[in-house]
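Geometric and topological summary
Chain by chain, the residues run as shown.
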Amino acid sequence: MLQQPSDYNEVLQTCSQLGFTDWMELARLHSGEVSKLTDGYVNDKSHQIQNPVMDFMFTYYQFRPAKLKKWTPGAFTFLESAKAEHGFDPRYFTFTTEGAIADMKLFPAKKIRGLRWITALLEFSAARQPNFGCCGLHEWAMVYGADEVRHEKFPLRLSSSEIKDLVDSKPVTCTHFDAFRFFTPAAQPKNAHKLSRESMHDMEQPGCLHTNMDLYKWCYKLTPWVPSSLTLQAFKVACKARELDMQAGPYDLSSIGFEPVCIETDEGRRIYKKRQAAIYDDARPVRQALLYHLRQMEQVLTSSGNEIPVTETTL
């Protein structure tokens, strides 16, 4: 067990505290809520049932349901009577005779650069006006002129020629690099923006489905210092965004209960924009809460002499 830090009393004065019964109940409730959201997926995976919506949440986003179930209060909350046996990782938690805390002194130096990169990305995107004009064409650009498609077990809603006509007839205005990089080579030149990893701070905007999905990624990459309650909120937003993303895409997922949002029609685009705006509204408080927490973390690290310039994330 780690020794009590010399400035332990100072730590207690600057952080909140949770009694043993309180935090145990929060952990129980958190695990139960995650179970309701993910147990069906886990069961389907055990029977090799594909679901492009939820599969994405645990393959592209590499945070397994078991990890999502683990509760943490985040940094700046002291847990009375908490021990390593309760599931708190000694690499990141300082344990004392009174309890434990996710200690910023144990924050890995290799992640400091990534923390500052993420904070800057969120600040830039939060400051921009949301744009709801893409209408999900990024998913169609991923199959434009393709010989093979990613979800081959599900039929395409339109023929190859109809997909080509759709993408050719509408402006492709993707602002998210991690969506753009999956465009087919033929579709990439059609995008209104030249995107790269280096341009993410200049291009991210808060109306983008993928930008709002990625709030989940930034939360779990900084666990256990980001509260699991916030990570769960971000997960719920990401699930809604992914569902719309696939409903508006080229695949027919009606066989697994996802009716299409036909963005090739005026009515479909109207529905898409309305739902996209609702997801933006859901994501705003998550983004602001995450930014607040990351700024607190960065302030502690900077005051400790760990100031590092913003560069590409290494998380």
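Here the structure is a predicted model, which is why all the values come from computation and not from measurement.

What follows concerns the sheet that holds strand β1 (residues 16-18). With mixed pairing, the four strands of this open sheet are ordered in space as β1-β2-β4-β3. The sheet is open, and its two borders are formed by β1 and β3 (93-95), each paired with just one other strand. Averaged over all adjacent pairs, the angle separating strand axes in this sheet is 25°, with direction ignored. In this sheet, strand β4 (residues 99-102) lies alongside β3 in antiparallel orientation, the contact comprising three bridges. Residue pairing in the sheet places Thr-94 in a bridge with Ile-101 of β4.

What follows deals with the state of the cysteines. Applying the stated criterion across every chain, the model contains zero disulfides. Left unpaired, Cys-219 is separated from the closest cysteine sulfur, that of Cys-239, by 13 Å.

Before going further, it helps to examine the nonpolar core. Counting residues in hydrophobic clusters, the biggest one holds 88 residues, and the most contacted among them are Met-57, Phe-107, Tyr-216, Phe-235, Tyr-272 and Leu-294. A per-element tally of this core places helix α11 (residues 228-247) first, with ten residues.

Two elements in contact, helix α5 (residues 109-126) and helix α10 (residues 209-221), have axes whose closest approach is 11 Å; the angle formed by their N-to-C orientations is 150°. The angle between the axes of α5 and α10 places the two elements in the roughly antiparallel class. Seen along the crossing, α5 lies across α10 with a hand that is left-handed. Touching Lys-111, Trp-117, Ile-118, Leu-121 and Leu-122 of α5 are Leu-215, Trp-218 and Lys-221, all from α10. Taken together, the residues of the contact of α5 with α10 break down into six nonpolar, no polar and two charged.

What the rule picks out here adds up to 19 aromatic pairs. An angle of 45° between the planes, with centres 4.9 Å apart, marks the rings of Phe-88 and Phe-93 as tilted. Here the two residues Phe-88 and Phe-93 agree in accessibility, since each one is buried. Measuring from ring centre to ring centre gives 5.8 Å for Phe-132 and Tyr-280, while their planes differ by 65°; the resulting arrangement is edge-to-face. Highlighted residues: Phe-132 in the loop between α5 and α6 (137-141) and Tyr-280 in helix α12 (residues 266-303), separated in sequence by 148 residues. Among the residues examined, Tyr-280 registers a relative accessible area of 14% and is labelled buried. Here a set of aromatic residues connected by ring pairs shows up, and it is made of Tyr-41, Phe-56, Phe-58, Tyr-60, Tyr-61, Phe-63, Tyr-216, Tyr-220 and Phe-235. Over the aromatic face of Phe-56 sits the side chain of Arg-242, whose NZ or CZ is 3.9 Å from the ring centroid.

Roughly 750 Å³ of internal volume is contained in the largest pocket. Around the largest pocket, the lining is made up of 27 residues, and of these Phe-63, Lys-67, Lys-70, Thr-223 and Pro-224 lie nearest the centre. Of all the elements in the fold, those that place two or more residues in the lining of the largest pocket are α2 (20-46), α4 (65-69), α10 and α11. Among the residues making up the lining of the largest pocket, the classes are represented as twelve nonpolar, eight polar and seven charged.

For Gln-129, the position within the fold is in the loop between α5 and α6. When neighbours within four sequence positions are excluded, Gln-129 is seen to be in contact with Gln-205 and Pro-206.

A few words on the pairing of strand β2 (residues 77-80). Two elements, β1 and β2, share three bridges in a ladder whose sense is parallel. Across the sheet, the residue bridging to Gln-17 is Phe-78, located in β2.

The rules we used
Residues numbered from 1 in each chain as written. Predicted model: local features only at pLDDT ≥ 70, side-chain atom pairs only at ≥ 80, totals over all residues. Heavy atoms only, no water. Pairing = 2+ DSSP bridges. Helix = DSSP H or I, 4+ residues; strand = E, 2+ residues; numbered from the N terminus. Axes fitted to C-alpha atoms, helices over the stretch in contact; angles between N-to-C directions. Disulfide = S-S within 2.5 Å. Core = buried A, V, L, I, M, F, W, Y, C linked by side-chain atoms within 4.5 Å. Buried < 20%, exposed > 50% of the residue type's maximum accessible area, 1.4 Å probe, protein only. Parallel < 35°, antiparallel > 145°, perpendicular 65-115°, else oblique. Left-handed = near helix turned anticlockwise from the far one by under 90°. Contact = heavy atoms within 4.5 Å. Nonpolar A, V, L, I, M, F, W, Y, C, P; charged D, E, K, R; others polar. Phe/Tyr/Trp six-rings, centres within 6.5 Å; stacked < 30°, edge-to-face > 60°. Lys NZ or Arg CZ within 6 Å of the ring centre and 35° of its normal. 1 Å grid on protein atoms, 1.4 Å probe; cavity = no way out; pocket = protein on both sides within 12 Å on 5 of 7 lines; lining within 4 Å. Points joined across faces, edges and corners; volume = space filled by probe spheres on them.

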